[in-house]
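Below, each chain spelled out in residue letters.
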Amino acid sequence: MFEVDTNGDGHLLLMSGGQGQPLAARSAATETARECSPDAALVEAVKGGDRDAFARLHQLYAPMVHGILLARVPYGEVGDLVQDVFLVAFKKVHGLRDGAAFGGWLAMIARNRAMDFHRRARETEELPEDVARPAAAAPQAEAAEVLGVIRGLPDAYRETLVLRLVEGMTGPEIAARTGLHPDSVRVNLHRGMKLLRAKLGVGEKR
Amino acid sequence: MSDYLWDKSGEPDAEVERLEQLLGPLRHQPRELQLPREDESPAPPAARFLFRWPALAVAAALILMTLVGVWRGLMNNSDASSAEVAGVMRETPPRPVSSGPTAPQGPDQVEINVGSNVGRSDAPESTLATSPPRHTRKQHRRTRQHRLTEQAVPVNRERQEIAAEMLEARRAKEQLMLALHVASAKFNLAERKAPGLADVSPATGQ
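All figures in this text were calculated on a predicted structure; none of them were measured in a lab.

(A) A nonpolar patch on the surface, seen in detail. A contiguous nonpolar patch, built from Val58, Leu62 and Met65 of chain B and spanning about 320 Å² of accessible area, is present on the exposed surface. Along the chain, Leu62 of chain B falls in helix H3 (residues 45-91).

Okay, here's the thing in structure tokens:
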């Protein structure tokens, strides 16, 4: 029903086509991307009651939501929280006016959900990560340690780094999914990586 | 700075590759999205309002009925109190001025003050006994109509009542003085007839 490129190439080409172009040309490209955005079409379909369209959005955006949550909450909790975020999005999608802004809107829901999680955890008592969910596959010790260091970085860096290093998304993909400007993502990636190298005690490459 | 971190192009960065391999297992594992049932699909806001409007209508009707009830109750109370005052004033006409000696003050004479005692909880029983019985709604309506015509009368009536009260009080005083004179004269006469009587103690009789 909807022609959406699974690997996001067609969509990302539109979104990142403005790089290196004059501002006017870039904004025109952004407008075109918005008009032609497959996300907008999917969102409109969901508003019309098409559940398959929402499943498609879930397929496209689940890695982004997973990465955003993983940058903030324990690994064992992320799976359930991803489900929560998509349920909230499904219930509130009728209030979203601009379908092309779905990614940024969903990212905001995920960040808010992570904050809610910590608020509730403070009200009760937060269990250690390995005790909280013994059934979930515990990350390797080194991976957990690196993830802990990434979580210690400022918000903008840790989210971008998790999406790049854990979820395997490229910079342009991150920009397209989260609604952030590609230049901001590029800066965050490089500065974040520099900080991470410093914290891990690895020398700066070149 | 390599492009590998940005879009995985160019010469691979060994450190980034190592981190990707280390953190890769934490990546999002596709999971089936559990959406609410078809009948629980989110309805657009307009539909939600349409779904809720019968409940809103019932709530509005209940509130309206309550307000009307309270308003009518207040109106009836004010009618009843005004009718009570009017009834008392009708049932206590100004007393005719008599020139002869008056009978001792009976309980029915107290009602002259009833106008000032209306509404007080400590009003004497005699005044309560003389207050009119509870009126029906029709009687209240008639009383209300009559009240307008009676409004001019009370001023003159009050003046007459005050004059009558003062006259009565003066006569009572005269009667009391007369009674004291008579009693004093009789006492003197008795003393003259029995000269030793004054020396006898009333307690012992000796």
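(B) Quick look at the side chain of Glu15 of chain B. Assignment of secondary structure puts Glu15 of chain B in helix H2 (residues 14-23). Residue Glu15 of chain B is classed as buried on the basis of its relative accessible area of 12%. With residues near it in sequence (within four places) discarded, Glu15 of chain B still touches Met193, Arg197, Leu200 and Val202 of chain A.

(C) Spotlight on the packing of helix H8 (residues 141-151) of chain A against helix H11 (residues 182-200) of chain A. Residue and element names in this part refer to chain A. Viewed as axis vectors pointing N to C, H8 and H11 meet at an angle of 125°, and their least axial separation amounts to 10 Å. Judged by the inter-axis angle, H8 sits oblique to H11. For the pair H8 and H11, the sense of crossing is right-handed. Facing Val146, Val149 and Ile150 of H8, the residues of H11 in contact are Leu196, Lys199 and Leu200. The class makeup of the residues in the contact of H8 with H11 is five nonpolar, no polar and one charged.

(D) Broad picture of the confidence of the model for chain B. Counting all residues, the mean pLDDT for chain B is 71, and 50% of those residues have values of 70 or more. Counted against residues more than four places away or in other chains, residues 96-130 of chain B, with its pLDDT under 50, gives 28 contacts.

(E) Representation of unusual backbone geometry within the structure. The residue Lys8 of chain B is not glycine, and still its phi comes out positive at about 60°. Tracing the sequence through the fold places Lys8 of chain B in the loop between helix H1 (4-7) and H2.

(F) Structural view of the interface of chain B and chain A. Taken together, the contact pairs 36 residues of chain B with 45 residues of chain A. Taken together, chain B and chain A are joined by four salt bridges. Across the pair Arg197 of chain A and Asp13 of chain B runs a salt bridge, and its minimum N-O distance is 2.7 Å. Between the two partners, chain B and chain A, sit 12 residue pairs in polar contact (both at pLDDT 80 or more). Among the secondary structure elements, those contributing two or more residues to the side of chain B that touches chain A are H1 and H2 of chain B. For the side of chain B that touches chain A, the element with the highest residue contribution is H2 of chain B, accounting for seven residues.

(G) Inspection of the confidence of the model for chain A at higher detail. Chain-level pLDDT for chain A is 79 on average; 72% of the residues reach the 70-or-more range. Contacts for the low-pLDDT stretch residues 1-30 of chain A, under 50 throughout, to residues beyond four places or in other chains number 41 contacts.

(H) Structural context of the nonpolar core. All names here are of chain A. Counting 62 residues, the largest nonpolar core has Met64, Val65, Leu69, Phe86, Leu106, Leu165 and Leu196 as its most contacted members. Counting residues per element, this core draws most heavily on helix H4 (residues 51-70), which supplies 11 residues. Apart from residues no more than four positions distant in its own chain, Val65 is found in contact with Val82, Val85, Phe86, Leu106 and Ala110.

The rules behind each value
- Residues numbered from 1 in each chain as written.
- Chains lettered and ligands numbered in written order.
- Predicted model: local features only at pLDDT ≥ 70, side-chain atom pairs only at ≥ 80, totals over all residues.
- Heavy atoms only, no water.
- Patch = residues over 30% accessible without salt bridge, like charges linked within 9 Å, V, L, I, M, F, W, Y side chains within 5 Å.
- Areas by Shrake-Rupley, 256 points an atom, 1.4 Å probe, with all protein chains shown as cover.
- Salt bridge = Lys/Arg side-chain N within 4 Å of Asp/Glu carboxyl O.
- Helix = DSSP H or I, 4+ residues; strand = E, 2+ residues; numbered from the N terminus.
- Buried < 20%, exposed > 50% of the residue type's maximum accessible area, 1.4 Å probe, protein only.
- Contact = heavy atoms within 4.5 Å.
- Axes fitted to C-alpha atoms, helices over the stretch in contact; angles between N-to-C directions.
- Parallel < 35°, antiparallel > 145°, perpendicular 65-115°, else oblique.
- Left-handed = near helix turned anticlockwise from the far one by under 90°.
- Nonpolar A, V, L, I, M, F, W, Y, C, P; charged D, E, K, R; others polar.
- pLDDT = per-residue confidence, 0-100.
- Polar contact = N/O pair within 3.5 Å; in protein donor to acceptor, adjacent residues only side chain to side chain.
- Core = buried A, V, L, I, M, F, W, Y, C linked by side-chain atoms within 4.5 Å.

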